[in-house]
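What follows is each chain in one-letter form.
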Amino acid sequence: MEFRPLTVPGAWEITPKQFGDPRGVFLEWFKSEAFAEAVGHPLDLQQANCSVSAAGVLRGIHFADVPPGQAKYVTCAKGAVLDVAVDIRVGSPTFGQWDTVLLDDVDRRAIYLSEGLGHAFLSLEDDSTVLYLCSTGYSPGREHGIHPLDPEVGIVWPTTARDGRPLVPQLSDKDLVAPTLSEAREQGLLPTLEAVEAYVASLRG
């Protein structure tokens, strides 16, 4: 598999090798040795999630308090989503910047987002099935969000589904009332680059 660093430091696009024959396709969508070589430390898998979304469902921007944060290794087993990493680390030279990876059932790529990054995705097809490997379990008290349509962040979301239909973003009640990036910063919700770098360094030993 091939790891490509994104423009948001701490995020990678992962492209697996696919082996097809008349029966179907086989691939390794996660491999510990390759991951540790690219990222610099192993993934401490604590929880595996699966979400199924209709076309237009927009989830995020989500993040967790650091330490320990929640790193995510994400792929789309069925359908297609545009997955987004956002730098929300106060003090980062790329604060507020974002990058995207198309996750689908054709190229079968994955994305890794390290601790301290914001994560969101837009489903481009009905029943898009997203699988997440997470470094920590769900903990409501330390998980937060930023509005995914915040103009300050300025994510350019697709307006057309995979089949050509127009997309209308569908947000959860929680995401609808999420603060903007500036509001989250003023409220002290965002991780600092210093805290994130210290925590990631501890993972590398």
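Think of each chain on its own: its residues are numbered from 1, step by step along the sequence as written. At least 70 in pLDDT is required for a residue's local features to be given in this predicted model, at least 80 for side-chain atom pairs to be given and counted, and no such filter applies to totals for whole chains, interfaces and linings, which use all residues. Just so you know, side-chain values use all the structure's heavy atoms and leave hydrogens and water out.

- Looking at an unreviewed UniProt entry, one finds the protein chain named dTDP-4-dehydrorhamnose 3,5-epimerase, with Cellulomonas cellasea DSM 20118 as its source organism.

1. Structural notes on the overall build of the protein chain
Here is step 1: The number of helices and strands found in the protein chain is four helices and 13 strands.
Here is step 2: In this description the radius of gyration comes from C-alpha coordinates, and the expected globular size is given by 2.2 Å times residues to the power 0.38. On C-alpha atoms alone, the protein chain measures out to a radius of gyration of 16 Å, which is about the 17 Å that the 2.2 N^0.38 rule sets for 205 residues.
Here is step 3: Counting only C-alpha atoms and orienting by the principal axes, one finds that the protein chain spans roughly 55 × 45 × 30 Å.
Here is step 4: When a residue's accessible area, from a 1.4 Å probe over protein chains only, is under 20% of the maximum for its type it is buried; when over 50% it is exposed; and in between it is partly exposed. Within the protein chain, the proportion of its 205 residues that are buried is 48%.
Here is step 5: Residues are treated as being in contact if the distance between any of their heavy atoms lies within 4.5 Å. In the protein chain, the share of contacts with a sequence separation of at least 24, taken over all contacts with a separation of at least 6, comes to 81%.
Here is step 6: Here the protein chain displays about 9800 Å² of accessible surface, and carbon together with sulfur accounts for 53% of that area.
Here is step 7: For the protein chain, the distance from the average position of its 16 positive side-chain charges to the average position of its 28 negative side-chain charges is 5 Å. Numbering goes from the N terminus for both helices and strands, where a helix is a DSSP run of H or I of at least four residues and a strand is a run of E of at least two. Note that accessible areas follow from Shrake-Rupley with a 1.4 Å probe, and for residues the cover is restricted to the protein chains shown. Under the counting rule used here, the positive set is Lys and Arg, the negative set is Asp and Glu, and His together with the chain ends is not counted. Where a charge lies is defined by one atom per residue type: Lys uses NZ, Arg uses CZ, Asp uses CG and Glu uses CD.

2. Observations regarding the sheet that holds strand β11 (residues 117-123)
Here is step 1: Here a strand pair is declared whenever DSSP counts at least two bridges between the two strands. An order of β9-β8-β11-β6-β13 is seen for the five strands of this open sheet, with the pairing classed as antiparallel. Each edge of the sheet is formed by a strand with only one pairing partner; in this case those strands are β9 (98-104) and β13 (143-145). Each adjacent strand pair in this sheet contributes to an overall mean axis angle of 25°, direction not counted. Between the N-to-C directions of two axes lies an angle of 0 to 180 degrees, each axis being a line fitted to C-alpha atoms and, for a helix, fitted only over the stretch in contact.

3. Some words on unusual backbone geometry
Here is step 1: Between G60 and I61 the backbone carries a cis peptide bond, its omega angle lying at 5°.
Here is step 2: Examined against the element boundaries, I61 turns out to sit in strand β6 (residues 58-64).
Here is step 3: The omega angle of the peptide bond from V66 to P67 is -5°, so this bond is cis rather than trans.
Here is step 4: The phi dihedral of D127 is positive, around 65°, even though this residue is not glycine.
Here is step 5: Topologically, D127 is positioned in the loop between β11 and β12 (128-134).
Here is step 6: By relative accessible area, which is 42% here, D127 ends up partly exposed.

4. Quick notes on the packing of aromatic side chains
Here is step 1: Only rings of Phe, Tyr and Trp enter the pairing, Trp through its six-membered ring, and a pair is recorded when the two centres are within 6.5 Å. The plane angle decides the type: under 30 degrees is stacked, over 60 is edge-to-face, the rest tilted. Tallied over the full model, the rule gives seven aromatic pairs.
Here is step 2: Ring centres 5.7 Å apart and planes at 50° place the aromatic pair F30 and F35 in the tilted group.
Here is step 3: We classify F30 as partly exposed; its relative accessible area is 27%.
Here is step 4: Here F35 falls in the buried class, since its relative accessible area comes to 1%.
Here is step 5: Ring geometry for F35 against Y112: centres 4.8 Å apart, planes inclined by 90°, an arrangement best described as edge-to-face. Here F35, found in helix α1 (residues 32-39), pairs with Y112, found in strand β10 (residues 110-113); they are 77 residues apart in sequence, far enough to count as distant. This pair shows no difference in class: F35 is buried, exactly as Y112 is.

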